[in-house]
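The primary structure of each chain is shown beneath.
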Amino acid sequence: MAADNVLGEFLKARRGRVPPSRAELPAHGRRRVAGLRREELARLAGISEPYLTRLEQGVDRHPSPQVLGALARALELDADTTAHLFALAAPDPVPPAETEVAPDLHQLLDAWAGAPAYVRNRRFDVLAANKWARALAPMYEPGHNLARDVFLDPGTRQLFPDWPEIAAQTAAALRAEADPRDQRTARLVAELRADEDFRGLWEQYDARPSRDELKRFTHPVVGELALRRQALTVGGAEQQVIIVYQAVPGSPSEAALARLL
């Protein structure tokens, strides 16, 4: 991750993903770029090419909301990726304090009997977990980083029958939720880029926060589980996120969860 020019790197990468045909631009002639040329994006967004050059080179890092909206439309960004674009252009934030998990939050995790639950930060470090989460997978042990385990731990790849989908979700959520200007995030991404799968996904510049989704597991003891994931923000500690897994009542997955412990 280029932590010193995150906005410019994003614009250049996403510009390369828009086919000229979709932007109603002529496709004839030799092209040295896969997507839009710089002058083509500038024309579609209604800004000058020199100004777009300054944005991509990191000379100007804080364009107006009007310019950002025009670029998002020209780049065909969805709502999540547009929000990420606006965040990249915001003034450099004060690094958030690394807060500990509050005691009452530990109690809440333990109160969810039969429901694997854990707390992570927006860099995907696991901060706390109940016994059901720890029994579901080693990656949910406090001290683990979820992105590191998804891409670098062979055992985690075996845990998810839909691993390619999980990997894509993880990379997109890490980009959407972690601050690329945070040095710890930058070091994590640099480590993960050694993995070819992560590198390919990261270079797509997709941004999509964690949401409520169905996730399938292949547990070595209890077998197949299909669990609904809920993501909840912790009030008063916005850098912390609670993840809870639930099975459909009466389903085989609920019975499998009961056999975890």
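Rules used throughout
Residues numbered from 1 in each chain as written. Predicted model: local features only at pLDDT ≥ 70, side-chain atom pairs only at ≥ 80, totals over all residues. Heavy atoms only, no water. Helix = DSSP H or I, 4+ residues; strand = E, 2+ residues; numbered from the N terminus. Buried < 20%, exposed > 50% of the residue type's maximum accessible area, 1.4 Å probe, protein only. Contact = heavy atoms within 4.5 Å. Salt bridge = Lys/Arg side-chain N within 4 Å of Asp/Glu carboxyl O. Axes fitted to C-alpha atoms, helices over the stretch in contact; angles between N-to-C directions. Left-handed = near helix turned anticlockwise from the far one by under 90°. Nonpolar A, V, L, I, M, F, W, Y, C, P; charged D, E, K, R; others polar. Phe/Tyr/Trp six-rings, centres within 6.5 Å; stacked < 30°, edge-to-face > 60°. Lys NZ or Arg CZ within 6 Å of the ring centre and 35° of its normal. Pairing = 2+ DSSP bridges.

**So, the overall build of the protein chain**
Right, so step 1: Broken down by element type, the protein chain carries 13 helices and 5 strands.
Right, so step 2: Each of the three principal axes of the protein chain carries a C-alpha extent, and together these read 65 × 40 × 30 Å.
Right, so step 3: The buried share of the protein chain, taken over its 261 residues, is 47%.
Right, so step 4: Excluding contacts between residues fewer than 6 apart, the proportion of contacts in the protein chain whose partners are at least 24 apart in sequence is 54%.

**Comments concerning the environment of leucine 71**
Right, so step 1: Within the secondary structure, leucine 71 is located in helix 4 (residues 65–74).
Right, so step 2: Placed 11 residues apart in sequence, leucine 71 and threonine 82 show a C-alpha to C-alpha distance of 9.1 Å.
Right, so step 3: Dropping the residues within four chain positions of it, leucine 71 is found in contact with Leu11, Leu41, Ala45, Ile47, Leu52 and Leu55.

**Some thoughts on the pattern of salt bridges**
Right, so step 1: This model, assessed by the stated rule, comprises 18 salt bridges.
Right, so step 2: Several salt bridges share partner residues, and in doing so they unite Arg14, Arg17 and Asp206 into one network.

**Digging into the packing of helix 1 (residues 6–15) against helix 5 (residues 79–89)**
Right, so step 1: Relative to each other, helix 1 and helix 5 sit at 145°, their axes nearing to 8 Å. Our pair here, helix 1 against helix 5, has a crossing hand that is left-handed. For the pair helix 1 and helix 5, contact is made by Val6, Leu7, Phe10, Leu11 and Arg14 and by Thr81, His84, Leu85, Leu88 and Ala89, respectively.
Right, so step 2: Its residues assigned to classes, the contact of helix 1 with helix 5 comprises 7 nonpolar, 2 polar and 1 charged.

**Points about the packing of aromatic side chains**
Right, so step 1: Tallying each qualifying case throughout the model produces 8 aromatic pairs.
Right, so step 2: Residues phenylalanine 160 and phenylalanine 217 carry aromatic rings whose centres are separated by 5.3 Å and whose planes lie at 50° to one another, so their mutual orientation is tilted. Of this pair, phenylalanine 160 sits in the loop between helix 9 (154–159) and helix 10 (163–177) while phenylalanine 217 sits in strand 3 (residues 213–219); the two residues are 57 residues apart in sequence, bridging distant segments of the chain. Summarising the burial analysis for this pair, phenylalanine 160 and phenylalanine 217 share the class buried.
Right, so step 3: Through a chain of ring-to-ring contacts, three or more aromatic side chains come together here, namely Tyr118, Tyr140, Phe160, Phe217 and Tyr245.
Right, so step 4: The ring of phenylalanine 124 carries the charged tip of arginine 120 above its face, separated from the ring centre by 4.1 Å.
Right, so step 5: For arginine 175, the ring lying beneath its charged end belongs to tryptophan 202, and the centroid distance is 3.8 Å.

**Notes on the environment of alanine 255**
Right, so step 1: Within the secondary structure, alanine 255 is located in helix 13 (residues 252–258).
Right, so step 2: For the pair alanine 255 and valine 222, spaced 33 residues apart in sequence, the C-alpha to C-alpha distance is 9.1 Å.

**Here's the deal with the sheet that holds strand 1 (residues 117–121)**
The pairing of strands in a sheet happens through backbone hydrogen bonds and is either parallel or antiparallel.
Right, so step 1: Ordered in space as 2-1-5-4-3, the 5 strands form an open sheet in which the pairing is antiparallel. Each of the sheet's edge strands pairs with one partner strand only, and the pair in question is strand 2 (126–129) and strand 3. Geometrically, the sheet is characterised by an average inter-axis angle of 30° between neighbouring strands, direction not taken into account.
Right, so step 2: Here strand 1 pairs with strand 2 via 3 bridges, running antiparallel. Note that in strand 2 the partner of valine 119 across the bridge is alanine 128.

**Quick word on the pairing of strand 3**
Right, so step 1: Relative to strand 4 (residues 223–233), strand 3 runs antiparallel, the two sharing 7 bridges. Bridge pairing links phenylalanine 217 to leucine 225 in strand 4.
Right, so step 2: Connecting strand 3 to the next strand, strand 4, in antiparallel fashion are 3 residues.

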